[in-house]
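Results of the structural survey
In case you want the letters, here they are:
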Amino acid sequence: MSKQPTTRLALALALSLSTGAVLAKTPSAAIPPAEYESHIQQAMSDSKTLATTAHAGKRAAFLCLYCHGEDGNSVQENIPNLSGQNPVYLLTQIEKFGDGRRNDEFMSGLIKALKSEDRINMAVYYSTMRPNTPISKDAALVAKGKQRYQATCIGCHGPKGHGNNTIARLAGQRISYITEALGKYRSSKSPRTDPVMTTVARSLSHSDIPAIAAYLSTLK
Ligand code: HEC
Ligand code: HEC
């Protein structure tokens, strides 16, 4: 085991203690799932509103940059890029960490302390940034991954891996995070489950996963 997880946890704790001033004393009530899309649409309704939202999101996102990078391009293995991700999907995952539908030792506590407005602003900010991830140079692996992706994943995640409001963007995602996420869906002990993805991930062979992850890193 590397020392990294302990360091990360210590940092997350230090952040949440030292930044009490920006965090809500009493977190606002969760946003009802039926309203995720309308909140995001409102926050991006015209170019001026979008610029204001993204600016506020960038300011609030200083809490996140140690792990997700300043522009949402993750700076650590196993941590997802948030850049270019669909904003409604981002808000949904933030809300899931906030109410316990998704759990992670680093994310859950931090998110619980954020106000609804910051959650929306951050989701919009990251969605406007561009993924810039290291891409696989193993042409044979990428070709195998392309074939497996097109056979199994394309119907939901789309021909370019861009996803939609409820389905994650996978294009340009970190190889180590895709591998880890699929491993979590496959495992019966993981806190991350999704009826569809659990079934899909369990249908993959061990050699499919690195191939698909390599292919996804090459998509723009
Ligand atoms: C200490 C490191 C750390 C910090 C700080 C951190 N995150 Fe994360 N984040 C993670 C990890 C690790 C995951 C993957 C968790 C999992 O596998 O379920 C994650 C996942 C996410 C996801 C889900 C992405 C996806 O593709 O499903 C979102 C959204 C997110 N973080 C937003 C934030 C926001 C907003 C902040 C700042 C308020 C933040 N994170 C701060 C480590 C961190
Ligand atoms: C029937 C639709 C469907 C199919 C087919 C599908 N997915 Fe998904 N995928 C989803 C949904 C919905 C989510 C979001 C689930 C959640 O909230 O945890 C998701 C999430 C994911 C995630 C997590 C992304 C993140 O940012 O955390 C990965 C990785 C993923 N899918 C990979 C794949 C791969 C690889 C395939 C093909 C082998 C595939 N999916 C096929 C619907 C699908």
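As a reminder, the structure under discussion sits directly above these lines.
Residues numbered from 1 in each chain as written. Chains lettered and ligands numbered in written order. Predicted model: local features only at pLDDT ≥ 70, side-chain atom pairs only at ≥ 80, totals over all residues.

With that out of the way, let us pick up the overall build of the chain. Looking only at helices and strands, one finds 12 helices and zero strands in the chain. Counting from the amino terminus, helix and strand elements in the chain follow one another as α-α-α-α-α-α-α-α-α-α-α-α. Going through the 220 residues of the chain one by one, you find that 33% of them count as buried. Within the chain, counting contacts between residues at least 6 apart in sequence, those at least 24 apart form 75% of the total. (Helix = DSSP H or I, 4+ residues; strand = E, 2+ residues; numbered from the N terminus. Buried ≥ 20, exposed ≤ 12 C-beta atoms within 10 Å, placed from the backbone. Contact = placed C-beta atoms within 7 Å.)

This next bit is on the site of ligand 2. Residues in contact with ligand 2 amount to 19 residues; listed here are only the nearest, T152, C153, C156, A168 and D194. Put simply, the parts of the chain that give the shell around ligand 2 at least two residues each are helix 9 (154–157), helix 10 (175–186) and helix 11 (195–202). When its residues are assigned to classes, the shell around ligand 2 shows 14 nonpolar, four polar and one charged. (Near = placed C-beta within 6 Å. Nonpolar A, V, L, I, M, F, W, Y, C, P; charged D, E, K, R; others polar.)

A few words now on the packing of helix 2 (residues 36–43) against helix 5 (residues 87–99). Where helix 2 meets helix 5, the closest approach of the two axes is 9 Å, and the angle between their N-to-C directions is 125 degrees. In terms of orientation, helix 2 and helix 5 fall into the oblique class. The two elements helix 2 and helix 5 cross, and the hand of that crossing is right-handed. Across the interface between the two elements, Y36, E37 and I40 of helix 2 pack against P87, V88, L91 and T92 of helix 5. For the contact of helix 2 with helix 5, a count of residues per class yields five nonpolar, one polar and one charged. (Axes fitted to C-alpha atoms, helices over the stretch in contact; angles between N-to-C directions. Parallel < 35°, antiparallel > 145°, perpendicular 65-115°, else oblique. Left-handed = near helix turned anticlockwise from the far one by under 90°.)

Tracing the chain through its elements places P195 in helix 11. Judged by the 7 C-beta atoms lying within 10 Å of it, P195 falls in the exposed class.

The next subject is helix 8 (residues 139–152). For helix 8, which comprises 14 residues, the first-to-last C-alpha distance of 20 Å matches the rise-based estimate of 20 Å (1.5 Å per residue) to within 8%. Within helix 8 the residues assigned to the buried category are V142, G145 and Y149. Along the long axis of helix 8, the arc covered by the buried residues comes to 60 degrees, so they all point the same way. Exposed positions of helix 8 whose direction lies more than 90 degrees from the buried face are A140, Q150 and A151. On its buried face, helix 8 is in contact with helix 9 and helix 12 (208–218). (Expected span 1.5 Å × (residues − 1). Arc of directions from axis to C-beta.)

Before going further, it helps to examine the environment of I154. When you line up the elements, I154 lands in helix 9. The contact partners of I154, leaving out residues within four places of it in the chain, are Y149 and P159.

For helix 12, the tally of buried residues reaches eight of 11 residues, placing the bulk of the element in the interior. Taken together, the buried positions of helix 12 are I209, A211, I212, A213, A214, Y215, L216 and S217. The inward-facing, buried residues of helix 12 contact helix 8 and helix 10.

Moving on to unusual backbone geometry. You will see that N78, though not glycine, has its phi angle at about 70 degrees, which is positive. Tracing the backbone shows N78 in the loop between helix 4 (65–68) and helix 5. The partly exposed category is assigned to N78, around which 15 C-beta atoms lie within 10 Å.

To continue, consider the nonpolar core. Judged by nonpolar contacts, the single largest core of 42 residues is most densely connected at A123 and L216. Those elements that provide at least two residues to this core are helix 2, helix 5, helix 6 (107–112), helix 7 (116–127), helix 8, helix 10 and helix 12. Counting residues per element, this core draws most heavily on helix 12, which supplies seven residues. Both domains that meet at this core, namely domain 1 (30–127) and domain 2 (139–218), each give it at least three residues. (Core = buried A, V, L, I, M, F, W, Y, C linked by C-beta atoms within 7 Å. Domains from an automatic or database assignment.)

This part is about the packing of helix 3 (residues 47–60) against helix 7. Between two packed helices, both the angle of their axes relative to each other and the distance between the axes serve to describe the pair. Interhelical geometry of helix 3 versus helix 7 gives an angle of 105 degrees and a closest axis separation of 7 Å. Compared by their axis directions, helix 3 and helix 7 come out roughly perpendicular. Residues T53, A54, A56, G57, K58 and A60 of helix 3 pack against D118, N121, M122, V124 and Y125 of helix 7.

Structural measurements only, silent on function.
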